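As a plain string of letters, each chain reads:
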Amino acid sequence: MRIAVPNKGRLHEPTVKLLERAGLRIENGADRKLYAETVDPDVTVLFARAADIPEYVADGAAAVGITGLDQERESGTDLDELVDLEFGQCRLVLAAPEDGEISEPEQLEDKTVATEFPRITREYFEEQGIDTDIIEVTGATELTPHVEMADAIVDITSTGTTLAVNRLAIIDEVLQSSVRLFARPETADDDKVQQLTTAFESVLAADDKRYLMMNVASEDLEAVKDVIPGLGGPTVMDVAGSDDLAVHVVVDEREVFEVINDLKAAGATGILVTEIERLVE
Ligand SMILES: Nc1ncnc2c1ncn2[C@@H]1O[C@H](COP(=O)(O)OP(=O)(O)OP(=O)(O)O)[C@@H](O)[C@H]1O
Ligand SMILES: O=P(O)(O)OC[C@H]1O[C@H](OP(=O)(O)OP(=O)(O)O)[C@H](O)[C@@H]1O
Ligand SMILES: [Mg+2]
């Protein structure tokens, strides 16, 4: 099975890291190499531009692809979205100069909008029955309103810094995006694709969980159990050469601080907190 992965840009590294956590570490990949093997002999990685990945999947060159929802929408392919991988979060927004007249999409009738996302932008205006000229640029879109190339832009924002330094204000949100795992509808149910989906889901499920281990005297076990919120009951084991018990439990990251205090009060000692690589439910 081939997976199409962003070859550079901000999505490359987090994608490679995610593959590794999912048990698909890349082997003999090298800078500028366009494909690589993984530790799983059945899985190869193709490195492609984030914008081209939907097309690679639609064409069958790759079974699945990892890229932003914005890229999939812009490509006009109609892929199945299997998992929201929860990184690369950003918004596509309509923005215009802060001190200009334009503050509503309707005011862009017969005006010009510059964007790297012409298809999404056209659909956005068509849906509202607004007739607008769209000009396509390939970067630095934020510049265009200041050189009279465009009255407004549709562009990506996350922190808002780029819009702010270019004195542009958001008029409307066009799309919320994040990185997703995409497949062709015909192959979305294939075993290997399903296994990959499960592997990614297990990584995401582990992200906000922590594994707690502790020693508990047997007479304190009930008190300790009482304060454990746990995903299912704790695992309780004998400790060799001691009357103490070892208690292991998975808890929500947000609860760790409070739970540790409660556990100590209930008599737990030697409490260890670790991250979890994957959690297969
Ligand atoms: N500022 C941002 N914050 C979060 N995600 C972003 C941001 N900018 C882009 N993205 C996401 O990353 C994807 C790829 O953007 P990136 O800038 O890494 O690649 P690119 O500009 O297409 O790269 P290149 O043109 O160099 O190949 C976007 O389609 C979007 O999903
Ligand atoms: O809201 P912000 O955090 O400022 O992010 C928004 C900027 O990030 C992206 O550009 P990128 O950094 O990817 O540069 P590029 O134009 O070279 O793709 C996007 O095109 C915006 O310009
Ligand atoms: Mg970019």
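In this text the structure is predicted, and so the values were computed from the model without any measurement. (Residues numbered from 1 in each chain as written. Chains lettered and ligands numbered in written order. Predicted model: local features only at pLDDT ≥ 70, side-chain atom pairs only at ≥ 80, totals over all residues.)

1. Digging into the overall build of the protein chain
The secondary structure content of the protein chain amounts to 8 helices and 16 strands. In terms of C-alpha radius of gyration, the protein chain reaches 25 Å, well past the compact-globule figure of 19 Å for 281 residues. Viewed in the frame of its principal axes, the protein chain has a C-alpha envelope of about 80 × 45 × 35 Å. Of all 281 residues assigned to the protein chain, the portion counted as buried reaches 32%. (Helix = DSSP H or I, 4+ residues; strand = E, 2+ residues; numbered from the N terminus. Rg over C-alpha atoms; globule rule 2.2 N^0.38 Å. Buried ≥ 20, exposed ≤ 12 C-beta atoms within 10 Å, placed from the backbone.)

2. A short note on the nonpolar core
In this structure, Ile3, Ala4, Val57, Val64 and Phe200 are the most contacted members of the largest nonpolar core, which totals 32 residues. Not counting residues within four places of it along the chain, the set of residues in contact with Val57 comprises Ala4, Ala62, Val64, Gly65, Leu79, Phe182, Ala183 and Arg184. (Core = buried A, V, L, I, M, F, W, Y, C linked by C-beta atoms within 7 Å. Contact = placed C-beta atoms within 7 Å.)

3. Side note on the site of ligand 2
Near ligand 2 you find Arg10, Gly139, Asp155, Ile156, Thr157, Ser158, Thr159, Gly160, Thr161 and Thr162, and these make up its full shell. Secondary-structure elements contributing two or more residues to the shell around ligand 2 are β10 (152–157) and α5 (161–165). When grouped by side-chain class, the residues that make up the shell around ligand 2 number 1 nonpolar, 7 polar and 2 charged. (Near = placed C-beta within 6 Å. Nonpolar A, V, L, I, M, F, W, Y, C, P; charged D, E, K, R; others polar.)

4. Things to note about the sheet that holds strand β2 (residues 26–27)
Spatial ordering of the open sheet is given by β2-β3-β4-β1-β5-β12-β6, a layout of 7 strands whose pairing is mixed. Only two strands of the sheet have a single partner each, and these edge strands are β2 and β6 (80–84). Relative to strand β12 (residues 179–183), β6 runs antiparallel, the two being bridged by 4 bridges. Bridge pairing in β12 links Asp80 to Ala183. Across the face of the sheet, helix α1 (residues 12–21) comes into contact with β1 (2–6), β2, β3 (35–38) and β5 (64–68) while running at roughly 145° to β1. (Pairing = 2+ DSSP bridges. Axes fitted to C-alpha atoms, helices over the stretch in contact; angles between N-to-C directions.)

5. Digging into the domain arrangement of the protein chain
As far as domains go, the protein chain holds domain 1 (2–88 + 178–205), domain 2 (90–176) and domain 3 (209–275). Between the C-alpha centres of domain 1 and domain 2 there is a distance of 29 Å. Domain 1 puts 5 residues into the contact, and the matching count from domain 2 is 7 residues. The residue makeup of the side of domain 1 that touches domain 2, split by class, is no nonpolar, 2 polar and 3 charged. (Domains from an automatic or database assignment.)

6. Some details on the site of ligand 1
Taken together, 16 residues lie near ligand 1, and Gly9, Arg10, Gly68, Cys90 and Ser158 sit nearest. Residues of the shell around ligand 1, tallied by class, amount to 5 nonpolar, 7 polar and 4 charged. Here the shell around ligand 1 spans two domains, and each of domain 1 (2–88 + 178–205) and domain 2 (90–176) adds at least three residues to it.

7. Some thoughts on the UniProt feature "domain: ATP phosphoribosyltransferase catalytic" (unreviewed entry) in the protein chain
Using the residue numbers shown here, the UniProt feature "domain: ATP phosphoribosyltransferase catalytic" (unreviewed entry) corresponds to residues 49–201. Secondary structure across residues 49–201 divides into 26% helix and 31% strand, with the first and last C-alpha atoms of the span separated by 24 Å. (UniProt positions renumbered as here; feature names shortened; annotations may be inferred.)

8. Some words on the sheet that holds strand β16 (residues 269–275)
Ordered by their spatial adjacency, 4 strands build an open sheet running β14-β15-β13-β16, and the pairing between neighbours is antiparallel. With one partner strand each, in any of the chains shown, β14 (235–238) and β16 form the two edges of the open sheet. When the angles between neighbouring strand axes are averaged without regard to direction, this sheet yields 20°. Pairing analysis gives 9 bridges linking strand β13 (residues 209–217) to strand β15 (residues 244–252), with the strands arranged antiparallel. Looking at the pairing, Val216 lines up with Leu245 of β15. Along the sheet, helix α8 (residues 256–266) contacts β13, β15 and β16; its crossing angle with β16, the most-contacted strand, is approximately 165°.

9. Re helix α4 (residues 118–127)
Turning to α4, its buried residues are Thr121, Tyr124 and Phe125. Each buried residue of α4 lies within a common arc of 90° when the element is viewed along its axis, so the set occupies one face. Opposite its buried face, α4 presents the exposed residues Glu126 and Glu127, each directed more than 90 degrees away. Summarising the contacts, the buried residues of α4 are in contact with β8 (112–115), β9 (133–136), β10 and β11 (168–177). (Arc of directions from axis to C-beta.)

10. A closer look at the pairing of β14
Summarising the sheet, β14 and β15 pair through 4 bridges and their orientation is antiparallel. Bridged to Thr235 within β15 is His248. Count of turn residues in the β14/β15 antiparallel hairpin: 5 residues, of which Gly241 carries a positive phi of about 70°.

11. Some points on the environment of Asp190
Relative to the helices and strands, Asp190 resides in the loop between β12 and α6 (191–207). The exposure class of Asp190 is partly exposed, given the 15 C-beta atoms found within 10 Å. Through-space distance from the C-alpha of Asp190 to that of Ala63 is 9.6 Å; in sequence the pair is 127 residues apart.

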